[in-house]
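Residue-level structure breakdown
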Amino acid sequence: MFLSIDDGSTPGRGSLGARRLAGFGAIVALAGVLGALGAGLGHRVGAWDYRFGIGMLIGAAGVAALGGLASLTGALLLLRRDGHRRLVVFGIAGAALGAVTGALPWSMRTRARDLPAIHDISTDTDDPPAFVRAAALRRRGDHPVAYEGRSVANLQRAAYPDLAPLSTPASPGRAFDAAKAALADLGLAPTDADPSTG
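These remarks concern the structure in this document.

Cut-offs applied
Residues numbered from 1 in each chain as written. Predicted model: local features only at pLDDT ≥ 70, side-chain atom pairs only at ≥ 80, totals over all residues. Heavy atoms only, no water. Helix = DSSP H or I, 4+ residues; strand = E, 2+ residues; numbered from the N terminus. Buried < 20%, exposed > 50% of the residue type's maximum accessible area, 1.4 Å probe, protein only. Contact = heavy atoms within 4.5 Å. Areas by Shrake-Rupley, 256 points an atom, 1.4 Å probe, with all protein chains shown as cover. Salt bridge = Lys/Arg side-chain N within 4 Å of Asp/Glu carboxyl O. Core = buried A, V, L, I, M, F, W, Y, C linked by side-chain atoms within 4.5 Å. Expected span 1.5 Å × (residues − 1).

1. A look at the overall build of the protein chain
When you go through the protein chain residue by residue, the secondary structure sums to six helices and zero strands. Counting from the amino terminus, helix and strand elements in the protein chain follow one another as α-α-α-α-α-α. For the protein chain, the residues scored as buried account for 23% of the 198 residues in total. For the protein chain, contacts bridging at least 24 residues in sequence account for 67% of all contacts bridging at least 6. Roughly 13400 Å² of accessible area belongs to the protein chain as shown, and the carbon and sulfur atoms make up 62% of that amount.

2. A few points about the pattern of salt bridges
Scanning the entire structure with this criterion turns up two salt bridges. Between Asp49 and Arg51 there is a salt bridge, with its nearest N and O atoms 3.9 Å apart. When its relative accessible area of 25% is taken as the criterion, Asp49 is described as partly exposed. As a salt-bridge pair, Arg150 and Asp126 come within 3.6 Å of each other at their nearest N and O atoms. Of this pair, Arg150 sits in helix α5 (residues 150-159) while Asp126 sits in the loop between α3 (85-113) and α4 (133-137); the two residues are 24 residues apart in sequence, bridging distant segments of the chain. Look at Asp126 and you get exposed, because its relative accessible area is 62%.

3. Concerning the nonpolar core
By size, the foremost hydrophobic cluster in this structure holds six residues: Ala18, Ala22, Ala75, Leu78, Leu87 and Val88. Breaking this core down by element, the ones donating at least two residues are α1 (13-44), α2 (50-79) and α3.

4. Re helix α6 (residues 172-185)
It helps to recall that an α-helix has 3.6 residues per turn; residues three or four apart then point in one direction. An ideal rise of 1.5 Å per residue puts 20 Å on 14 residues; α6 measures up with 20 Å between its terminal C-alpha atoms. Gly187 sits one or two positions beyond α6 and adopts a positive phi of about 80 degrees.

5. Let's talk about the environment of Gly94
Within the element layout of this structure, Gly94 appears in helix α3. Measuring from C-alpha to C-alpha, the distance between Gly94 and Ile27 comes to 7.5 Å, with 67 residues separating the pair along the chain. For Gly94, the residues in contact, after removing those within four places along its chain, are Ala26, Ala29, Gly68 and Ser71.

So yeah, pure geometry; function would need other evidence.
Below is the structure:
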């Protein structure tokens, strides 16, 4: 399977091979892009867990990077031949798709190295609220819901020193409603909301 574009010239065998390489590489890069998008979307709709989604993202990024490399190689070969300037743009576009998608896992890994390896962030590390509803939603292999103590609190404070309990003169009911509104503004939804327990 290959993609060719008619630019009005008669290609030789080498030129035809370069066109096929650029076109095939662009298609593979595009497939990798779609796979990367599907990895997050599938997790969002509950089709698979985050581990599978991350694995799928890494695989799709690799596919996109290989496709981008093939597309770039075809574009460089075409660049050496007269009459194929428009095809070079197509090949470079495939290379750009592959490069951007292939860089996603690398950028995520780079960002993760600058953050502590913790999964529980609390505004009150001295008396962290217990998860109740979230505990019932956990599946086998998920992170535990019990707070892991002082070591986690120290890591959090070092990475997020601005997180702390907020004192307010508002009544508990108004503070509760304000907290829910803040979550909604961020596009987040609580797993449960019980004003009687906060």
